[in-house]
Amino acid sequence: MKHYQQCAMITALWLTLGTAAVAQDAPYAENLTGDWGGARSTLADKGLEIGLSYTGDVWAVVGGGRKRETTMHGLGELRLDLDGEKLYGVKGNTMSFAVIHNSGAQPNGSNVGSTQGISNTEVAANGVRLYEAWMNQEFFDGRLAVLFGVHDLNSEFAATPMS
């Protein structure tokens with residue numbers, strides 16, 4: 001089976017499962033795996049939010065470039081968000097930890113050959129990386145906040161609903 005056929009089947013399965021999860025009328029219905037039988041809501045009530053996401057990109061060079069080929073690469077993220085007020089009583093305190101895993105082809109370097117990347121999920125070397133690990137503390141009813149650690153500034157600036 002060709003690579004693009006495998007990608008199409010994975011995408012169709014993903015969309016089918018995602019549609020089934022959205023059909024639920026319950027907390028976390030927008031998430032693929034739902035509320036885990038109430039466990040996700042229980043953890044959130046105690047100050048723990050767990051998230052797992054995957055972004056898969058399929059790229060095809062159909063003209064020009066170095067090589068005409070269809071490739072796939074992906075970005076998985078495991079995230080843990082902590083609410084300090086719920087966990088240990090510190091008002092305005094939050095923490096977040098995220099690990100990412102990049103996998104698959106590097107279509108820009110191998111197929112396209114441009115100096116401008118074609119995807120923000122493409123990296124030079126596949127692997128697991130610490131993406132974020134930070135703590136935020138708000139003071140004076142949120143009028144002042146101090147954040148320290150490893151933090152993706154893109155999440156604070158130039159964020160649009162479509163990005």
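Per chain, residue numbering runs from 1 following the sequence as it is written. Residues qualify for local features only when their pLDDT is at least 70, as the model is predicted, and side-chain atom pairs are given and counted only at 80 or more; totals for whole chains, interfaces and linings, by contrast, use all residues. Excluding hydrogens and water, the side-chain values take into account all heavy atoms of the structure.

**Overview of the environment of alanine 133**
For alanine 133, the location among the structural elements is in strand β4 (residues 127-139). Residues alanine 133 and phenylalanine 148, spaced 15 residues apart in sequence, show a C-alpha to C-alpha distance of 8.7 Å. If near-sequence neighbours (up to four positions away) are discounted, alanine 133 is found in contact with Ser96, Phe97, Phe148, Gly149 and Val150. Helical segments are the DSSP runs of H or I of at least four residues, strand segments are the runs of E of at least two, and each set is numbered from the N terminus. Contact definition: two residues touch when any of their heavy atoms are within 4.5 Å.

**Topic: the side chain of arginine 40**
Topologically, arginine 40 is positioned in helix α2 (residues 39-46). In this structure, arginine 40 is buried with no salt-bridge partner, the nearest side chain bearing the opposite charge being glutamate 49 at 5.7 Å. Every residue in contact with arginine 40, bar those within four places of it in the chain, is listed here: Tyr28, Asn31, Thr33, Gly34, Asp35, Ile50 and Gly51. For every residue, the accessible area obtained with a 1.4 Å probe (protein chains only) is divided by the maximum for its type, and the residue is called buried under 20%, exposed over 50%, and partly exposed between those limits. Here the positive residues are Lys and Arg and the negative ones are Asp and Glu; neither His nor the chain ends is included. For salt bridges, the criterion is a side-chain nitrogen of Lys or Arg within 4 Å of an Asp or Glu carboxyl oxygen.

**Remarks on the environment of glycine 47**
Topologically, glycine 47 is positioned in the loop between α2 and β1 (48-60). Of the residues examined, glycine 47 reaches a relative accessible area of 3% and is grouped as buried. Taking the C-alpha atoms as reference points, glycine 47 and aspartate 81, separated by 34 residues in sequence, lie 7.9 Å from one another. Residues contacting glycine 47, with those up to four places away along its chain left out, are Asp81, Leu82, Asp83, Lys86 and Leu87.

**Some thoughts on the pairing of strand β3 (residues 93-104)**
Where a strand is regular, its side chains alternate between the two sheet faces. Paired strands, as defined in this entry, are two strands with at least two bridges between them according to DSSP. Of the pairings in the sheet, the one linking strand β2 (residues 70-83) to β3 comprises 11 bridges and is antiparallel in character. Bridge pairing in β3 links glycine 76 to histidine 101. Relative to β4, β3 runs antiparallel, the two sharing 10 bridges. Considered in β4, the bridge of isoleucine 100 is made with arginine 129.

**Some words on the side chain of asparagine 93**
Tracing the chain through its elements places asparagine 93 in strand β3. Polar contacts involving the side chain of asparagine 93 include one to the side chain of tyrosine 88, which spans 2.5 Å. Residues contacting asparagine 93, with those up to four places away along its chain left out, are Leu82, Asp83, Gly84, Glu85, Tyr88, Met135, Asn136 and Gln137. Polar contact is the term for a pair of N or O atoms within 3.5 Å; when the atoms are in protein, one must be able to donate a hydrogen and the other to accept it, and sequence-neighboring residues count only if both atoms are side-chain atoms.

**Focus: the confidence of the model for the protein**
This prediction gives the protein a mean pLDDT of 81; 80% of its residues lie at or above 70. The secondary structure element of the protein with the lowest average pLDDT is helix α1 (residues 3-22), at 58, and the one with the highest is helix α3 (residues 84-88), at 95. Summary of the metric used: pLDDT quantifies the predictor's per-residue confidence within the range 0 to 100.

**Considering the sheet that holds strand β5 (residues 144-150)**
An order of β1-β2-β3-β4-β5 is seen for the 5 strands of this open sheet, with the pairing classed as antiparallel. Edge positions in the sheet fall to β1 and β5, since each has one partner strand and no second. Averaged over all pairs of adjacent strands, the angle between strand axes in this sheet comes to 15 degrees, irrespective of strand direction. Axes here refer to lines fitted to C-alpha atoms; in helices the fit is confined to the stretch in contact. Angles between the N-to-C directions go from 0 to 180 degrees.

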